[in-house]
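Listed below are the residues making up each chain.
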Amino acid sequence: MSRLLFVHAHPDDETLTCGIAMAHHVARGDEVHVLTCTLGEEGEVIPPGLAHLEGDPDDRLGPYRHGELTRALDRIGAVLHVLGADESSGRLSLYRDSGMAGSPAAARPEAFAAADLEQAGGLVADVVRELRPDVVVTYDEHGGYGHPDHVQTHRVTRSALALLDPVDRPGRVYEILTPAGWAGEDRAWLAAADPALLDTATWWARQDLGPGAPVPPRLVVPGPDDPFPPSVVDDDRVTHAVVDEAARAVQSDALREHATQVIVASEDVHALSNLVAVRTTAREGFRRVDPLTWETVGGPVDPGEAGLLV
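Because the structure is predicted, anything quoted here is derived from the model rather than measured. (Residues numbered from 1 in each chain as written. Predicted model: local features only at pLDDT ≥ 70, side-chain atom pairs only at ≥ 80, totals over all residues. Heavy atoms only, no water.)

## Topic: the pairing of strand β1 (residues 3-8)
Thought 1: Counting buried residues along β1, five of its six residues qualify, which places the element largely inside the surrounding structure.
Thought 2: Pairing of β1 with strand β2 (residues 31-36), which is carried by six bridges, proceeds in the parallel orientation. When the bridges of β2 are listed, F6 appears paired with V34.
Thought 3: As paired strands, β1 and strand β4 (residues 135-138) are joined by three bridges and run parallel to one another. Bridging from a neighbouring strand, L5 pairs with V136 of β4. (Buried < 20%, exposed > 50% of the residue type's maximum accessible area, 1.4 Å probe, protein only. Helix = DSSP H or I, 4+ residues; strand = E, 2+ residues; numbered from the N terminus. Pairing = 2+ DSSP bridges.)

## Regarding unusual backbone geometry
Thought 1: Its identity as a non-glycine residue notwithstanding, L275 has a phi of 65 degrees, on the positive side.
Thought 2: Note that L275 resides in the loop between β9 (269-271) and β10 (277-279).
Thought 3: Given a relative accessible area of 23%, L275 falls into the partly exposed group.

## Here we look at the side chain of D12
Thought 1: Locating D12 in the fold gives a position in the loop between β1 and α1 (13-27).
Thought 2: On the accessibility criterion, D12 (6% relative accessible area) is buried.

## Thoughts on the packing of aromatic side chains
Thought 1: Inspection of every chain in the model, using the stated rule, returns two aromatic pairs.
Thought 2: Just above the ring of F228 sits the side chain of R187; from NZ or CZ to the centre is 4.0 Å. (Phe/Tyr/Trp six-rings, centres within 6.5 Å; stacked < 30°, edge-to-face > 60°. Lys NZ or Arg CZ within 6 Å of the ring centre and 35° of its normal.)

## Considerations on helix α2 (residues 61-76)
Thought 1: In a regular helix each residue adds 1.5 Å, so 16 residues correspond to 22 Å; α2 covers 22 Å between its end C-alpha atoms and thus fits that length.
Thought 2: Residues of α2 that are buried include every one of L61, G62, R65, H66, G67, E68, L69, A72, L73 and I76, and no others.
Thought 3: Buried-residue contacts for α2 involve α1, β2, β3 (79-82) and α7 (245-257).
Thought 4: At the C-terminal side of α2, G77 shows a positive phi close to 95 degrees. (Expected span 1.5 Å × (residues − 1). Contact = heavy atoms within 4.5 Å.)

Encoded structure:
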């Protein structure tokens, strides 16, 4: 049995980017842990019945999303940790969602993006020392798509690894990347998909909106020339892939628990609050890196192979 630690910025990030890998490793008998750095207090809420949580002055969205995250990880079979949480005082998280760059949330003293790297890195290092994982997984230097908290998660994780004594450092470290070949295939698949797979009516009906509810939103299929996020890279930068069709249903079940942030239209399609359709696949890509230099370790593999993280 191996132990894996996935370090993420907000609730739902873990399932959206690593749900296949987590479910795969749980199914093979490994121990999977998730460390979430904030509770996502600045998230955009999709269901109208929960709209009152968005921008709530008492930050009720954070605890609500903590509950969503707890249930999602229960679906996967992973163990939850929140950075700086203190059970004795009832504190769920030390740091707060920073929102996007330049937002009022970014100026708050508890914003994660402004956290002292040594302090936050020390807290992550404490978790690593306690768990002694064989594998640590987090974002690339762009944080996947540039969100300040994602970028900070990358920085804080690197800081933690540098603070650790060699004996405490995990044997394998990975960043999350998507091969451009996969991204192109997924976009072409969406363009040709049966419209029924993009229908949000079933998901919408589960939100218990009551009489007079608004009509279900329509998802938008990305155009062929729409830009990809910076985490979509040349195929040869990806050193490992987890491919597991059985894990896809587990990931979708977990995504349904993140209802404030994610629409699960079908087993094949989901979307965030921007309503842009995303193909739900059974594959995730990673680059193995040196824990100190962040240089690539090992050569590229065929992204179609069912590589393991351990």
